[in-house]
Structure formats: C-alpha cells, structure tokens
Amino acid sequence: MKDRKLGYRNFPMVPRVVYGRGSFDQLADILLPKRRNSDAPMIFLVDDFFEGKELQGRIPLLFNDQIIFVSADEEPKTDQVDALVAQLRETFDEPPSGIIGIGGGTLLDLAKAVAIMLNNTGKAERYQGWDLVEKPAVYHVGVPTISGTGAEVSRTTVLLGPEKKLGINSDYTVFDQVVLDPELVATVPKDQWFYTGMDCFIHCVESLNGTYLNAFSQSYGDTALTLCKEVFLKDLSEEEAQDKLMMASWHGGMSIAYSQVGIAHALSYGLSYLLGVKHGIGNCLVFQHLEEFYPEGVQMFNQMLKKHQIKLPKGVCANLSKEDFNTMITVALGMEALWENALGRDWKKVIGPKKLRSIYEKI
C-alpha cells in the first residue's frame, strides 16, 4: 500500500512477544522493569468471564494495582473508553505504569484505546481514523485468551462511536508487549471459537484476493490461511489446534498491515453499528453470501461450517426498516479503503446501496 505523498508506509510491529504454554506466568517478570513506582499501578482490563476463575489468581498484582473486569458481550465503544480513562484519572494520583488487556479482541482493543487516551486529550471518538493520535500511549500489553481477531498484533483498535464504527489506526496503537499462551484459550465455547477463528480465515481470504496485495502481506496471509485450513478442516489434537490457531491469528493480523480486509468486514461493520452483532459472527453472516466475490473462500467456509456443525442464525435483518438498512449501508460504504482493496479504485461503479441491501436482506 503506497502513500503517494510519503512513499511507503513505515509500519510498527509488536517489539516484544513471548510464546509458549504457561508463558502467562512470566507476566510478573515482564512487568517488573516497567513499574515506575508503587503509586503508578498496573491496570489489568480483564474479560469478566475470568472473574472468580483460576486465571484471576494468577494475575501478578503488586502495590495498588487494579483489576477491572469488563464484559465482552458488546463491542468496545468510544464512550466506554472515555469512562475508563476518567475512572483511572480520578482514582490514582499518578498515571498508570501500564495497561494490560486480558481477553479477546474486545478487551485487547479496549486496552489499546485506554492506553492511548491516558496520554492524549479529548474524547476517543476524536481519534477514530488514520494517524490522528498525537502522543505515544502508556505502556500496554496484550494477552489474548481467544484466537482469530489479530487484535494482538494490529495497529488499530476498532471502536463503536456515536457516528461510526472505526478504528484508532496509529503507530502508537500497537502493543509494546504480547504474551501468547495457547493454554489460555482452552475455555472458549465452540461457537465462539469458530466465529473468532473465521475472522482470521476471512482476513486471509480478503487480503489475498485484494488489489492491495503485495509480497509482504501475501507471505503472512498464505501462512495464516494454511494454518486455518489445518485447524478447521483436519482432525488435529486439541493442543495442536490451539497452538496453530493462535499463530494463524498472529499472521492473519500481520497480513493486513500492508494490505486491507474487504467486503465481509465492511458489511459486518454495518451490522455491528446498528444491531450490535459481534464482529466474528457478523463476518460469518455476511461471508456466506459473498460467493460472487470470493468463490473459493465461501466454498471452503461452507465446508468448515459443515465439519464443525455450526448453524448460523437466520432472520437477523428480517424486521428492519428502510432507515435501518440505510444506516447499515452508509456505515459499510464509509469503509472506502476496504472497498478499494476488494474491487479496485473504480469500486463505486461496481457496487452501490442496492447491492448492499440485497445482501443484508439475505442475512
């Protein structure tokens, strides 16, 4: 992806990553040198699924560190980020030494956004877009407990704002440290495991079939796609599947650093904005109807659905008004980079509101 004014983009990557079963127990040692003093806490944003569970007792608390449990039932919102930042500023005299997100894409995106907003002024919605963040984020760490979103490696934190669903895309968004421990994904329910894994699979299909494709993106996308095929079409042991899907998520996230996603993600954003449909299942609901654009990918997706006996919900858009459809269409068409990647620079000649409505009506 070439910027006409600046040349090739100089994207950041996660500078430090530890991988391995049980590596979560190294978190205390990882955080220790980043602690400024006893009055500057580490703040752990944790999926409330783990409240009262064994993992909670393994979180390395010191001094006045705090665990904040957050529900992942809804996608992260800009006002939720603003509320968390205000809470931390009111509670502590000093800014936190670090923000640690433990959970799926929702918690990882929240951690990235809170870390950014602690060092920047105004509301989170102001920074939805590309390269709008002015100051580096607070030190932040990502610990994924489900695999597929690529949020652990991406330079964006996708948020629902008052007017749009859009990421804070910046060089400061990327985590300073990631801990990849495949043991942590053992508790994921099967449907959620599938939907989130399909987010990775669809990342790959859209990236590898896009007009932005280049050797950098293709190398990561090919690897992630191969791993997804093994996980969802072969008969792997549970441990093998956990290990490989975690690495597929990492490579799938990297595949769009110099590329983009496409039609399924754009339409899924509309579903999420209006109806609160979570990202992974939203992608699946859309992707099943995109054989015209991604024939091989949809065929493979259907095989995966059948093998794992997943039944997608029906009638999600059955009772929507004309205004509701128009809202979703506006949100989806606003993702211009995704449409250009999928269909080329003249994408507006290829697709429009009528086509998008016909797809939404099938869902």
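In what follows, the structure referred to is the one given above.
Residues numbered from 1 in each chain as written. Predicted model: local features only at pLDDT ≥ 70, side-chain atom pairs only at ≥ 80, totals over all residues. Heavy atoms only, no water.

Side note on the layout of surface pockets
- Taken as a whole, the second largest pocket holds about 300 Å³ of empty space.
- Trp193, Val231, Glu238, Ala241 and Gln242 are the residues nearest the centre of the second largest pocket, which is lined by 18 residues in total.
- Breaking the lining of the second largest pocket down by element, the ones donating at least two residues are α5 (190-208) and α7 (238-255).
- Counting residues per element, the lining of the second largest pocket draws most heavily on α7, which supplies four residues. (1 Å grid on protein atoms, 1.4 Å probe; cavity = no way out; pocket = protein on both sides within 12 Å on 5 of 7 lines; lining within 4 Å. Points joined across faces, edges and corners; volume = space filled by probe spheres on them. Helix = DSSP H or I, 4+ residues; strand = E, 2+ residues; numbered from the N terminus.)

Side note on the pairing of strand β4 (residues 42-47)
- Counting buried positions along β4 yields six of six residues, so the element is predominantly enclosed.
- Here β4 pairs with strand β6 (residues 98-103) via five bridges, running parallel. If you follow Met42 over to β6, its bridge partner there is Gly98.
- When β4 meets strand β5 (residues 66-70), the two strands line up parallel, connected through five bridges. Residue Ile43 lies in a different strand from β5, and its bridge partner there is Gln66. (Buried < 20%, exposed > 50% of the residue type's maximum accessible area, 1.4 Å probe, protein only. Pairing = 2+ DSSP bridges.)

Regarding the packing of aromatic side chains
- The tally for this structure, following the rule as stated, stands at eleven aromatic pairs.
- With 6.3 Å between their ring centres and 75° between their planes, Phe194 and Tyr195 make a pair best called edge-to-face.
- With relative accessibility at 0%, the residue Phe194 sits in the buried group.
- Overall, the relative accessible area of 11% leaves Tyr195 in the buried class.
- The structure contains a cluster of three or more aromatic residues connected by ring pairs, namely Phe11, Phe216, Tyr220 and Tyr258.
- Of note, Lys53 hangs over the ring of Phe49, and the distance from its end group to the ring centre comes to 4.1 Å. (Phe/Tyr/Trp six-rings, centres within 6.5 Å; stacked < 30°, edge-to-face > 60°. Lys NZ or Arg CZ within 6 Å of the ring centre and 35° of its normal.)

Re the sheet that holds β6
- Pairing is parallel across the open sheet formed by six strands, whose spatial order is β3-β11-β8-β6-β4-β5. Strand pairing shows two members of the sheet lacking a second neighbour, β3 (16-19) and β5, which therefore form its edges. Taking the axes of each pair of neighbouring strands and ignoring which way they run, one obtains an average angle of 15° across the sheet.
- Together, β4, β5, β6 and β8 (140-144) form the strand contacts of helix α4 (residues 105-117), whose direction differs from that of β6 by roughly 170°. (Axes fitted to C-alpha atoms, helices over the stretch in contact; angles between N-to-C directions. Contact = heavy atoms within 4.5 Å.)

Here's the deal with the pattern of salt bridges
- Inspection of the entire model under this criterion finds 17 salt bridges.
- A salt bridge links Asp243 to Arg21; the shortest N-O distance between them is 3.1 Å. You can see Asp243 sitting in helix α7 and its partner Arg21 sitting in the loop between β3 and α1 (27-31), a full 222 residues away along the chain.
- A relative accessible area of 30% places Arg21 in the partly exposed class.
- One salt-bridge network, held together by shared partners, links Arg9, Asp131, Arg155 and Asp171. (Salt bridge = Lys/Arg side-chain N within 4 Å of Asp/Glu carboxyl O.)

As for unusual backbone geometry
- Although it is not a glycine, Phe63 sits at a positive phi angle of roughly 50°.
- Here Phe63 is to be found in the loop between α2 (54-58) and β5.
- Positive phi outside glycine occurs at Asp131, with the angle close to 60°.
- Turning to its location among the elements, Asp131 is positioned in the loop between β7 (129-130) and β8.

Considering the packing of α5 against α7
- One way to put it is that α5 packs onto α7 with a least axis distance of 9 Å and a crossing angle of 40°. In terms of crossing hand, the pair formed by α5 and α7 is left-handed. Contact residues: α5 offers Trp193, Gly197, Cys200, His203, Cys204 and Ser207, while α7 offers Leu245, Ala248, Ser249, Gly252 and Ser255.
- Partitioned by chemical class, the residues of the contact of α5 with α7 number five nonpolar, six polar and no charged. (Left-handed = near helix turned anticlockwise from the far one by under 90°. Nonpolar A, V, L, I, M, F, W, Y, C, P; charged D, E, K, R; others polar.)

Quick word on the nonpolar core
- Ranked by size, the top nonpolar core spans 61 residues in total, and within it Phe201, Leu267, Phe287 and Leu290 carry the most contacts.
- Top element by residues in this core is α5. It accounts for nine residues.
- In this view, Leu290 contacts Ile263, Ala264, Leu267, Val298 and Ile359; residues no more than four positions away in its chain are not counted.
- In this structure, Ala72, Val85, Ile146 and Val188 belong to the second largest nonpolar core, which totals 42 residues. (Core = buried A, V, L, I, M, F, W, Y, C linked by side-chain atoms within 4.5 Å.)

With respect to the side chain of Ser272
- By secondary structure assignment, the location of Ser272 is in helix α8 (residues 263-275).
- Here Ser272 falls in the buried class, since its relative accessible area comes to 0%.
- Among the polar contacts made by the side chain of Ser272, one reaches the side chain of Lys165 at a distance of 3.3 Å.
- Apart from the residues lying within four places of it in its own chain, the contact partners of Ser272 are Glu75, Leu160, Lys165 and Val277. (Polar contact = N/O pair within 3.5 Å; in protein donor to acceptor, adjacent residues only side chain to side chain.)

Observations concerning the environment of Ala186
- Along the chain, the position of Ala186 falls in the loop between β11 (177-180) and α5.
- Classification of Ala186 by relative accessible area gives partly exposed; the value is 44%.
- Separated by 53 residues in the primary sequence, Ala186 and Glu239 have C-alpha atoms spaced 8.8 Å apart.

Observations concerning the side chain of Ser147
- One can find Ser147 in the loop between β8 and β9 (158-160).
- A relative accessible area of 5% means that Ser147 is categorised as buried.
- Each residue touching Ser147, except ones within four places of it in the same chain, is listed here: Val185, Thr196, Gly197, Leu245, Met246 and Ser249.

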